Amino acid sequence: MSEVSCKDRFDFMNQDELKQAVARAAIDHLVDGAVVGVGSGSTVALFIRELGQIRNRFKGAVSSSELSTRLLREEGIDVLPLEAVGSIPVYVDGADEIDPGLRMIKGGGGALTREKIIAAIAERFVCIVDQSKVVPVLGGFPLPVEIIPMAGRQLISAFGRLGAEARWRKGYFTDNGNPILDVHGLMIDDPVGLETELNQWPGVVTVGLFARRGADVALVSDPKGILTLTL
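Residues numbered from 1 in each chain as written. Predicted model: local features only at pLDDT ≥ 70, side-chain atom pairs only at ≥ 80, totals over all residues. Heavy atoms only, no water.

1. Some thoughts on the sheet that holds strand β6 (residues 104-105)
Here's step 1: Strand order across the open sheet formed by three strands is β5-β6-β12, with antiparallel pairing between neighbours. Of all strands in the sheet, those bounded by a partner on one side alone are β5 (97-98) and β12 (209-210).
Here's step 2: In terms of strand pairing, β6 meets β12 through two bridges, oriented antiparallel. Bridge pairing links Met-104 to Phe-210 in β12. (Pairing = 2+ DSSP bridges. Helix = DSSP H or I, 4+ residues; strand = E, 2+ residues; numbered from the N terminus.)

The following block contains the structure:
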């Protein structure tokens, strides 16, 4: 992972202000006149607010969650169905963790399936995070897995055989109507291999590993400024 640039200094900013700064920096990576792919989460919510200030520069947005859809519409931004969009030059989203290969764990907010669908067709994935999300090895953050309910018991046992503990996310269902297992105790030194394996387990809808399609660039808010990271 290489550091491309670092601009401005934010030594006296708190975490919320750093999130605001990195959300603002993502605007520079968008393509005028195109549709914008929009993820979900607290940093993306700030990005949506920034997007609303320049909404006339874009055709509209494709959204990864019902919450992001509501926030986009509150900003006066047209939300388009994915099937009506020919291409998405840039998708902007956050991450719960991101490693030096720009592979990520996502899904802490529960929108992992729709996020992965949009990321798969985007030409460029811009990940916006604060410095605490950059880790040497994925797995400190529990891995979210959206599942079919009837498979829950067998999947919990299967993760146990990997030495991990899968727990139901209590009282939560995704926008697709499915529950999530949060898997604790994984140190993911082969993200692509694990994602490939878990995708084949019966009952798994989506695993929150974004490794086969990772980020193209990460904008990281840091006390020294906004770091732009690429492979």
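There's plenty left to go through after this.
2. Some remarks on a nonpolar patch on the surface
Here's step 1: Residues Ile-148, Met-150 and Val-205 make up a contiguous nonpolar surface patch of about 300 Å² in total accessible area.
Here's step 2: Here Ile-148 is to be found in the loop between β8 (143-147) and α5 (152-161).
Here's step 3: Look at Ile-148 and you get partly exposed, because its relative accessible area is 36%. (Patch = residues over 30% accessible without salt bridge, like charges linked within 9 Å, V, L, I, M, F, W, Y side chains within 5 Å. Areas by Shrake-Rupley, 256 points an atom, 1.4 Å probe, with all protein chains shown as cover. Salt bridge = Lys/Arg side-chain N within 4 Å of Asp/Glu carboxyl O. Buried < 20%, exposed > 50% of the residue type's maximum accessible area, 1.4 Å probe, protein only.)

3. Structural notes on the side chain of Glu-50
Here's step 1: Examined against the element boundaries, Glu-50 turns out to sit in helix α2 (residues 42-52).
Here's step 2: At 2.6 Å, the side chain of Glu-50 and the side chain of Gln-20 are in polar contact.
Here's step 3: Discounting residues that sit within four places of it in the chain, Glu-50 has contacts with Gln-20, Ala-23, Arg-24 and Ile-27. (Polar contact = N/O pair within 3.5 Å; in protein donor to acceptor, adjacent residues only side chain to side chain. Contact = heavy atoms within 4.5 Å.)

4. Digging into helix α6 (residues 191-199)
Here's step 1: When we look at burial in α6, the residues that qualify are Pro-191, Leu-194, Glu-195 and Leu-198. Relative to the axis of α6, the buried residues are bounded by an arc of 100° and lie together on one face.
Here's step 2: Looking at the buried side of α6, the elements it contacts are α4 (112-121), β8, α5, β11 (204-207) and β12. (Arc of directions from axis to C-beta.)

Function cannot be inferred from these measures alone, as they are strictly geometric.
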